[in-house]
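If you want the building blocks of each chain, they are given just below.
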Amino acid sequence: MPFTNGRILGSMCSAPHPLAAEVYLKYLEKNIGDPGLVPGLLEVEQEAIDLIGQFLGLDEAAGRIVTGGTEANLLALWTARRLEGGSKDEVILPATSHFSFDKAASLMGLKLVKIPVDAQYRVRTDLVAQAIGPRTLALVGIAGTTGLGATDDITALSDLALRHNLYLHVDASFGGFVLPFLRDAGYPTAPFDFSLPGVSSLAIDPHKMGRGPIPSGCILFRNKDLASSVNIPVKYLSGGKTKINTLVGTRSGATAAAVWALLKHLGRDGYTAIVKQAMATTRTLEAELRKIPGVSLMLDPAPMNVVGLAVRGLTAEELARLLRQRGWALSQWNDYLRIVVMPHVTDQLCRDFVADLKNLLA
Ligand code: PLP
């Protein structure tokens, strides 16, 4: 199914910005995993990291463009592990966390302590505090959950991290390109980024709300020491000796160039306009859904451009199946369906969906 003119309502990806696509194609052969061969692209990557860092309260950013939120989250926990030395193995995180943390735990032999969320789907920080113990390696907070776009109380998590001297990673894979601009667009947001002193690292994906090509993710660290703690020295590369601190070896220079070009082209104003539009469509969609008898919204109003909906008398599975039969691709969760109002989700697409949903329920 294509994003453009398609009926994809449940994806956190979208068609890349045309400039990103154009630049990407020019750099197809470039591998920034062999940095000595592409010193210019390495500078471009650092400038992209700096630009993203400026959105997130960092003057001097350190990090890498990676393949997505999964790689960023794995790198964060790997970093926490390397810094600590290996005796601690518990990661405390919200029950709403993305399954990439389950992968990380399985790969690194970590134990995940999943903490229930409150009525607003934010982690219960009182229970996080109670769960901290001698084996605690790291805390994780989410800024924009996969299911409903909820943001944990990162201020409280930052305080806990400082008090207990713990690594705190913020998974803003989705919300990273929403929250800073939501604030600029006049919606209320709480702090979630490096402006909070306890935050050590943050995942933010250009290939979600950043309009970047697939794959494009980003891991940011508070400082260079943290970023280099997983460095592996490599001697054999054609460009000469180097240190690699990503999970993958060969890395797409096309991704780095495209993300850099987008950041320069769109800037803060461009991203604010994207988020403003997505939120306006979100509010219109919510208003239309509220009018349908039997339909309820999981978080009302939605904290960002992610809408969870349920229909009385139908399970999420039944509803998703019926909508898929009509060509609508929604994301199915245990007790609700998720719509992500990405840039390709227009007001017209929402109107068509609401009309179809009404027909279906009638
Ligand atoms: N973290 C969050 C909050 C997500 O929503 C997702 C994906 O939706 C990920 C991590 C994983 O990102 P990716 O699919 O780019 O690896």
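This one's a predicted model, so the numbers in the text were calculated from it and none came from an experiment.

How each quantity is defined
Residues numbered from 1 in each chain as written. Predicted model: local features only at pLDDT ≥ 70, side-chain atom pairs only at ≥ 80, totals over all residues. Heavy atoms only, no water. Near = heavy atom within 4 Å. Polar contact = N/O pair within 3.5 Å; in protein donor to acceptor, adjacent residues only side chain to side chain. Areas by Shrake-Rupley, 256 points an atom, 1.4 Å probe, with all protein chains shown as cover. Helix = DSSP H or I, 4+ residues; strand = E, 2+ residues; numbered from the N terminus. Nonpolar A, V, L, I, M, F, W, Y, C, P; charged D, E, K, R; others polar. Pairing = 2+ DSSP bridges. Axes fitted to C-alpha atoms, helices over the stretch in contact; angles between N-to-C directions. Contact = heavy atoms within 4.5 Å. Phe/Tyr/Trp six-rings, centres within 6.5 Å; stacked < 30°, edge-to-face > 60°. Buried < 20%, exposed > 50% of the residue type's maximum accessible area, 1.4 Å probe, protein only.

> Account for the site of the ligand, with residues named and values stated.
Lining the immediate surroundings of the ligand are 13 residues, of which Thr70, Thr146, Asp171, His207 and Lys208 lie closest. The contact in question runs from an oxygen atom of the ligand to an N or O atom on the side chain of lysine 208, over 2.8 Å. Starting from 390 Å² of accessible surface for the ligand in isolation, the protein chains cover 83%. With three residues, helix 3 (residues 69–84) is the single largest residue contributor to the shell around the ligand. Residue composition of the shell around the ligand, by class: one nonpolar, nine polar and three charged.

> An account of the sheet that holds strand 7 (residues 217–221) is requested, with residue identities and associated values reported.
If you trace the seven strands from one edge of the open sheet to the other, you get 1-7-6-5-4-2-3, paired in mixed fashion. In this open sheet, the two strands that pair with only one neighbour each are strand 1 (62–66) and strand 3 (111–115). Across this sheet, the average inter-strand angle for adjacent strands is 20°, counted without regard to direction. Bridging between strand 4 (residues 136–142) and strand 5 (residues 167–171) involves five bridges; their strand directions are parallel. The residue of strand 5 that forms the bridge with leucine 139 is leucine 168. Taken strand by strand, helix 2 (residues 39–55) contacts strand 1 and strand 7, and its axis lies near 110° from that of strand 1.

> Can you tell me about the side chain of histidine 169, naming the residues and giving the values?
For histidine 169, the location among the structural elements is in strand 5. Ignoring anything within four residues of it in the chain, the contact list for histidine 169 reads Ala72, Asn73, Ala76, Phe101, Leu139, Val140, Gly141, Ser201, Leu202, Ala203 and Ile219.

> Mind laying out the packing of aromatic side chains, listing which residues take part and the relevant values?
By the definition in use, this model includes six aromatic pairs. Ring plane angle 80° and centroid distance 5.3 Å describe the contact between tryptophan 328 and phenylalanine 353, whose orientation is recorded as edge-to-face. In this pair, tryptophan 328 sits in the loop between helix 10 (316–325) and strand 12 (331–332) while phenylalanine 353 sits in helix 11 (residues 347–361), placing the two residues 25 residues apart along the sequence. Using a relative accessible area of 1% as the deciding quantity, one classes phenylalanine 353 as buried. Of the aromatic side chains, those joined through ring pairs into one cluster are Phe55, Phe177, Phe181 and Tyr271.

In short, geometric facts, not functional conclusions.
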